Amino acid sequence: WPVQQLDGTTDAQVVRVARETKADLIVLGLGEHGIVDRWFGGETALRVLNLTNLPVLAVSRGARALPTRVLVAMDFSETSEHALSAALPLLGKGAKITLAHVVPRDISMGTWPAWDDAYENVVKAGFAQLRARLPGPALASADELVLYGDPGRELLQRAQQMRADLIVAGTRGLTVIPGTLLGRVSTKLIRGANCSVFIL
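Calculation criteria
Residues numbered from 1 in each chain as written. Predicted model: local features only at pLDDT ≥ 70, side-chain atom pairs only at ≥ 80, totals over all residues. Heavy atoms only, no water. Axes fitted to C-alpha atoms, helices over the stretch in contact; angles between N-to-C directions. Helix = DSSP H or I, 4+ residues; strand = E, 2+ residues; numbered from the N terminus. Parallel < 35°, antiparallel > 145°, perpendicular 65-115°, else oblique. Left-handed = near helix turned anticlockwise from the far one by under 90°. Contact = heavy atoms within 4.5 Å. Nonpolar A, V, L, I, M, F, W, Y, C, P; charged D, E, K, R; others polar. Buried < 20%, exposed > 50% of the residue type's maximum accessible area, 1.4 Å probe, protein only. Pairing = 2+ DSSP bridges. Salt bridge = Lys/Arg side-chain N within 4 Å of Asp/Glu carboxyl O.

A. Quick look at the packing of helix 1 (residues 10–20) against helix 3 (residues 44–51). At a closest axis distance of 9 Å, the pairing of helix 1 and helix 3 adopts a crossing angle of 45 degrees. The angle between helix 1 and helix 3 places the two elements in the oblique class. By crossing handedness, the relation of helix 1 to helix 3 is classed as right-handed. Of the residues in helix 3, those touching helix 1 at T10, D11, A12, V14 and V15 are T44, R47, V48 and L51. Counted by class, the contact of helix 1 with helix 3 contains five nonpolar, two polar and two charged residues.

Structural data, given as structure tokens:
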């Protein structure tokens, strides 16, 4: 593999070289989460994400093999589906996938949206359509999960509970509740995850 030493800001140089080499994926380390670490460059993954439309794999310090316990943030947007599809080739043999949809609280009302038949049907149909569009053994055995609350916080808690090796998410995808953006979620995931994070 060619090795280059470059001068300049890390994020800009990584994105420039990725563009010039027509890369399909940017892989970098997942920084520490402390304030001091962020101040001195721990936010490189987020800065790279803001400068590129390529998928970014931020690898945790403890990663030693291909991921086999995977949590996928699924808002049923095209972006979240593409993120899952792009992450599948990166998984280890026999990987166990959990597809998680988070029902966010209506911040303005301070209440949960009604979990009525219409919303439930949208979520069930979303999972079914996803499996139909992305057939294969990995998704055939995937678990479906519905969480309630702040999407970033809920996904991080679930990832920790299931001891996930990888969290997969799209960024800036619209949820089934119009106007809710996933960009804030991807930022929380990068900043708070103890495992690797794949963002498209």
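The discussion continues.
B. Representation of the environment of A100 within the structure. Here A100 shows up in strand 4 (residues 96–103). Note on A100: relative accessible area 1%, which makes it buried. Sequence-wise, A100 and L145 are 45 residues apart; in three dimensions their C-alpha atoms are separated by 4.6 Å.

C. Quick look at unusual backbone geometry. A positive phi angle, close to 55 degrees, is found at K22, a residue other than glycine. On the secondary structure map, K22 appears in the loop between helix 1 and strand 1 (26–29). Of note, R163 is a non-glycine position whose phi angle comes to about 55 degrees, a positive value. Assignment of secondary structure puts R163 in the loop between helix 7 (151–161) and strand 6 (166–169). Residue R163 is classed as exposed on the basis of its relative accessible area, which comes to 62%.

D. Quick peek at helix 7. When helix 7 is considered as a whole, its buried residues turn out to be P151, G152, E154, L155, L156 and A159. In the stretch just after helix 7, R163 is the one whose phi turns positive, near 55 degrees.

E. Broad picture of the sheet that holds strand 2 (residues 56–59). Read from one edge of the open sheet, seven strands run 1-2-7-6-3-4-5, paired in mixed fashion. With partners counted over all chains shown, the strands left at the sheet margins are strand 1 and strand 5 (143–148), one partner each. Adjacent strand axes in the sheet meet at a mean angle of 20 degrees, parallel and antiparallel pairs treated alike. Judged from the four bridges that link them, strand 6 and strand 7 (residues 196–199) form a sheet pairing that is parallel. Looking at strand 7, one finds that I167 is bridged to V197. The strands touched by helix 3 within the sheet are strand 1, strand 2 and strand 7, with strand 1 carrying the most contacts at an inclination of about 160 degrees. Packing of helix 4 (residues 78–87) onto the sheet brings it into contact with strand 3 (69–73), strand 4, strand 6 and strand 7, and relative to strand 6 it is tilted by some 140 degrees.

F. Spotlight on the pattern of salt bridges. Scanning the entire structure with this criterion turns up eight salt bridges. A salt bridge links D150 to K188, with the shortest nitrogen-to-oxygen separation between them at 2.8 Å. Of the two residues, D150 sits in the loop between strand 5 and helix 7 while K188 sits in helix 8 (residues 183–192), which places them 38 residues apart along the sequence. For K188, a relative accessible area of 37% corresponds to the partly exposed category.

Keep in mind these numbers describe shape, not what the thing actually does.
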